[in-house]
Amino acid sequence: MIRFEGVTKRYGDADSGSADGGSPGEGGGDPGSVAVDNLTLEAPTGQITVLVGPSGCGKTTTLRMVNRMVTPTSGTISVDGRDTASMDVAELRRGMGYVIQHAGLFPHRTVVDNVMTVPRLLGVDKRQARSRAMELIERVGLDPAMARRYPAQLSGGQQQRVGVARALAADPPVMLMDEPFSAVDPVVREQLQNEFLRLQSELGKTILFVTHDIDEAVKLGDQVAVLRVGGVLAQLASPAKLLADPVDDFVAGFVGRDRGYRALSFAAAPELSLTDEPTVRLRATGEQVRAIGSPWVLAVGDAGEPVGWVRAAAVDHEVTRDLLHRGGTVASTAGSLRALLDAALSSPSGRGVVADDDGRLVGTITAAEVVPAIEARRSATTAGELPEGASTR
Amino acid sequence: MTWALDHLSEILTRAGQHAWLAGLPLVLGLVIALPLGWLASRTSWLRASLLTTTGLLYTIPSLALFILLPSILGTKILDPVNVIVAMTIYTVALLTRTVADGLSSVDPSTRQAAIAMGYGGFARFRAVDLPLAVPVIAAGLRVAAVSNVSIVSVASLIGISQLGYFLTDGYARSFPTEVWVGIIACLLLALVFDLVIQVVSRALTPWTRAVAA
Amino acid sequence: MSPATIWAWFTDPAQWSGADGIPNRLAEHLAYTAITLLIGLVIAIPLGAWVGHTGRLRWLITGANAMRAVPSLGLLFAVSMFVGPLIQSDLAFVIPSIVVLVLLAVPPLLSGVYAGIESVDPAARDAARGMGMTGWQVLTRVELPCALPLSLSGLRSATLQVIATATIAASVSLGGLGRYLIDGLASRDYVQMVCGSILVAALALVADLLLAAVERYAVSPGISGRSVGVARSRSSRTGEGSRPDPSGATRSTSPASTAT
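Residues numbered from 1 in each chain as written. Chains lettered and ligands numbered in written order. Predicted model: local features only at pLDDT ≥ 70, side-chain atom pairs only at ≥ 80, totals over all residues. Heavy atoms only, no water.

- Per an unreviewed UniProt entry, the recorded name for chain B is Osmoprotectant transport system permease protein, and the organism is Humibacillus xanthopallidus.

- With an unreviewed UniProt entry as reference, chain A is termed ABC-type quaternary amine transporter, source organism Humibacillus xanthopallidus.
- You can read under Sequence similarities (unreviewed entry) in the UniProt record for chain A the words "Belongs to the ABC transporter superfamily." (UniProt positions renumbered as here; feature names shortened; annotations may be inferred.)

Here is the structure:
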């Protein structure tokens, strides 16, 4: 657990924090300016706490105070009960993974040597450090053949994966991540985010994560801390709570549009009665399709998995993959209300496809059938009962 | 100080000679380096070979070059042309790289825009690339100017008249004042060159001040 | 004077033995150069590393660069006249010359090391500190290796400058290859001057090519591979400001990092 107690960072007056070479990050400009103002916050063990806010809100400064890249002006920060100010600074930092925006890989070292850095600093012998590094390189989704390349030979996304592997190398309980995915393109970013969540579900690190992107915050965070300019904590809440109930105009504005709809991501789909959907197999004949008597017919694969809708009138000989409509999404029975509603809205037949965990078709549901479930949830929420642990990803 | 005042006219004459020997090669060198640098900035294999060749020319020590040139050019050893040619070689060696770097430093999007507007080949070089490269080229020219002023003084060892004369003469006569006068005069001349280049560069690039302001 | 006379000079056995012989002059020249560079490196590496690492006393670099405008011949004579009389031995010629040569070697070495460290990607430096490297470890494991290309550029500049100026130093009675030039001049022995010049030029070329080879071998391929282009454009951009190009000595700009 990382705990901030009344932490303030003021730049300009007798500042020792940035004197040892670190850039103060945002908000460190004019003398005497307050970057972080009396922040009290807890990042629980094994969870992802996201610090989010506009530039100048002191989120990077907050992060960098944890490993003392920036020295707080007042207040204490403790990690698992130990005051960081009392610890040896090198020891403190070696015990925390640190990932930054542009990865900051060492250009003169190969990928595997980069990943080995902290274990080697800690005195782990070379062979052991190397085998651990190779394991991590694969774990973050890189081809082991990349290990001998230099950072300059990697794409931005690959560099960022190496950055994550390097931070994990000494298996630190705590990870500090400063906008690690914001310098890559949106498609790669989403991949990295998903793999990061998968990795975290395996590793269960205590993570402090800085981003300026509220969507990323809501997607990744177990809890989200919204900071306003001047380093004041505006709201600390679960993503669902944040979307459903922003404390003030600033948070509401920052959380942005569509938050009602987006909040449904965090509402687990209740037990709804699904409609049985008549299906055809791929390669079914035109007569078989039209025998069902519906303008849109759902086709399934050999394992019973939905593969797409086919327009009955369009089938001449048999159902081929070319004929399938690709627009519809498939919701999982373990999914969220948002996924259910989206499946219904995106389906050409108006019937949203629902599959079980193994991907087999369970049934369909219309938007009109989802809405009552949303209404039911709203009344539960206004009664002050947000279903705990209902968060689904 | 009194020695300098007593010899003021001689100092000025030699300073004029020094300025000529260091300044003319600066102009000649720039004229030669512009097309070379332009070529180097366009093709990578030309860049490699041109910069390696000019770089090797720069390794030849000045005194050696002053002495070798007469037998290559067929001039007399005391002919100032040797110094002009030697200094031009050094200037070209320095500036080819700078011009190439300067032209390469032009923002690719600016260059793309120029191409899209229909600027081609030489017209684009003259209207877009070259003006934008002026600050980098001027920086290289300043280094070359200071370097030239210093190297020209070495020519006094082979008896060519310029400010370096005060250095050799002062040393031969064990008269430190004269040596110091020579050094200070060289420094002042280098300063003048530097200022002139800066002023010209600023006049040519009014937009850089607009950004700063 | 024809190539034949030059050939005759080089093949004369008298040139290959004794104190005036080519081997001895070459050895002297190399010795001065090596001593000077060694002293220069001992001064410039710690100083440049310290200024680059801490960012303090940056004016030292500017000051050293400004010193490059002092004509080396003038400096040589001034120091010889000042220091020479204080020394009562054969070293009376050598010490002032070495002092001047060191003064000339330090600025390119210093700005090479400094510019190299300054050009290290701030993200790499930040990551190094963030993962718990001490200041010394950041310097030795990240900054100095990354600074190697520009440092070696500085070393090449300095080497050429020292070889050239050691030649001139023959005029204050230093040994070395410069003797052929200065003595030849005094006795109007033009053949000797030309042959001496060829030797000096050849030495400078060989030294530069050797250092280029060292650079290739010593610099991590991760830096020389693609980042060379980056470092180059970066240094040319800083050249726009008041700071002279780090590799641009007044006397000698080395061909710098050879094109790959």
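**Considerations on the sheet that holds strand S13 (residues 306–311) of chain A**
Residue and element names in this part refer to chain A.
Here is step 1: Strand order in this open sheet of 3 strands is S11-S12-S13, and the pairing throughout is mixed. Each end of this open sheet is capped by a strand with a single partner; those strands are strand S11 (279–281) and S13. When the angles between neighbouring strand axes are averaged without regard to direction, this sheet yields 40°.
Here is step 2: Direction of pairing for S11 relative to strand S12 (residues 296–300): parallel, over a ladder of 3 bridges. Bridge pairing links Thr279 to Leu298 in S12. (Pairing = 2+ DSSP bridges. Helix = DSSP H or I, 4+ residues; strand = E, 2+ residues; numbered from the N terminus. Axes fitted to C-alpha atoms, helices over the stretch in contact; angles between N-to-C directions.)

**Describing helix H13 (residues 337–346) of chain A**
Here is step 1: Those residues of H13 of chain A lying buried are Leu337, Leu340, Leu341, Ala343 and Ala344 of chain A. For H13 of chain A, the angular spread of buried residues about the axis comes to 155°, placing them on one side. (Buried < 20%, exposed > 50% of the residue type's maximum accessible area, 1.4 Å probe, protein only. Arc of directions from axis to C-beta.)

**Notes on unusual backbone geometry**
Most peptide bonds take the trans form, and the phi angle of most residues other than glycine is negative.
Here is step 1: Positive phi, close to 60°, is recorded for Arg68 of chain A, a residue that is not glycine.
Here is step 2: When you line up the elements, Arg68 of chain A lands in the loop between helix H1 (59–66) and strand S4 (74–79).
Here is step 3: If you check the backbone angles, Arg188 of chain C has positive phi at about 55° while not being a glycine.
Here is step 4: In this structure Arg188 of chain C comes out as exposed when scored by relative accessible area, which is 74%.

**Some words on the interface of chain A and chain C**
Here is step 1: Facing 25 residues of chain A, the contacting portion of chain C comprises 22 residues.
Here is step 2: Around 2000 Å² of area is buried between chain A and chain C when both sides are counted, 59% of it from carbon and sulfur atoms.
Here is step 3: The largest share of the area that chain A buries against chain C comes from His108, Leu121 and Ala152 of chain A, three residues that together contribute 26% of it.
Here is step 4: Among the secondary structure elements, those contributing two or more residues to the side of chain A that touches chain C are helix H2 (89–94) and helix H4 (117–121) of chain A.
Here is step 5: Among the residues forming the side of chain A that touches chain C, the class breakdown is 12 nonpolar, 7 polar and 6 charged. (Contact = heavy atoms within 4.5 Å. Buried area = accessible area lost by both parts, 1.4 Å probe. Nonpolar A, V, L, I, M, F, W, Y, C, P; charged D, E, K, R; others polar.)

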